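What the coordinates show
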Amino acid sequence: MNKPSSFIWMVLILLIIFPTTAGKFIIDLTGGILLIITIIPLILGGIGWFTWKRIQSKVQTCKACGSTFLNSQMICPICGTTIKNTTDVLENIPASAATIDIQSEDIDL
């Protein structure tokens, strides 16, 4: 294998050290590449985290057997137990029952 000559390395170092157009281009290029290398894993990790949280919010656990499944099912696929949907329970309560009336009073000290 041919070893790159020291002349090429010296030219690259001089381009980076001296503020020429080519040196600035090399510095900007390496800075952009390093920025991309750092940002892409962070973006992918964030997307994965949001996706995982969204899937977790749609998963329901059976109280009888402990298996997990999506919220869209009303019957446990493992043991066949009917699952109560918590949103149905909340929808049947009238809003007036959940509202608290507050009255202000003046207090003389």
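For the structure itself, look to the data block above.
Read on for a plain summary of the structure.

The rules behind the values
Residues numbered from 1 in each chain as written. Predicted model: local features only at pLDDT ≥ 70, side-chain atom pairs only at ≥ 80, totals over all residues. Heavy atoms only, no water. Helix = DSSP H or I, 4+ residues; strand = E, 2+ residues; numbered from the N terminus. Buried < 20%, exposed > 50% of the residue type's maximum accessible area, 1.4 Å probe, protein only. Contact = heavy atoms within 4.5 Å. Areas by Shrake-Rupley, 256 points an atom, 1.4 Å probe, with all protein chains shown as cover. Patch = residues over 30% accessible without salt bridge, like charges linked within 9 Å, V, L, I, M, F, W, Y side chains within 5 Å. Salt bridge = Lys/Arg side-chain N within 4 Å of Asp/Glu carboxyl O. Disulfide = S-S within 2.5 Å. Phe/Tyr/Trp six-rings, centres within 6.5 Å; stacked < 30°, edge-to-face > 60°.

**As for the overall build of the protein chain**
Secondary structure assignment for the protein chain yields 4 helices and 2 strands. Listed N to C, the secondary structure of the protein chain is α-α-β-β-α-α in terms of helices and strands. The burial tally for the protein chain puts 6% of its 109 residues in the buried class. When contacts within the protein chain are restricted to residue pairs at least 6 apart in sequence, those whose partners lie at least 24 apart make up 2%. On the protein chain, roughly 10100 Å² of surface is accessible, and the fraction owed to carbon and sulfur atoms is 68%.

**Quick look at a nonpolar patch on the surface**
A contiguous nonpolar patch, built from F7, I8, W9, V11, L12, I13, L14, I17 and F18 and spanning about 910 Å² of accessible area, is present on the exposed surface. Mapped onto the elements of the fold, V11 is located in helix α1 (residues 6-17).

**Regarding the state of the cysteines**
What the rule picks out here adds up to 0 disulfides. Take C76: it sits in no disulfide, and the sulfur closest to it among the cysteines is that of C65, at 3.6 Å. Looking at C76, the relative accessible area reads 3%, which means it is buried.

**A word on the side chain of Q60**
Within the element layout of this structure, Q60 appears in strand β1 (residues 59-61). Excluding residues within four positions of it along the chain, Q60 makes contact with S67, T68, F69, L70, N71, Q73, I83 and K84.

**A few points about the packing of aromatic side chains**
According to the stated counting rule, one finds 1 aromatic pair in the structure shown. Ring geometry for W49 and F50: centres 5.1 Å apart, planes at 65°, overall edge-to-face. Since its relative accessible area comes to 48%, W49 is described here as partly exposed.

**Here's the deal with the side chain of S67**
Tracing the chain through its elements places S67 in the loop between β1 and β2 (68-70). By relative accessible area, which is 15% here, S67 ends up buried. Setting aside residues no more than four positions away along its own chain, S67 makes contact with Q60, T61, C62, C76 and I78.

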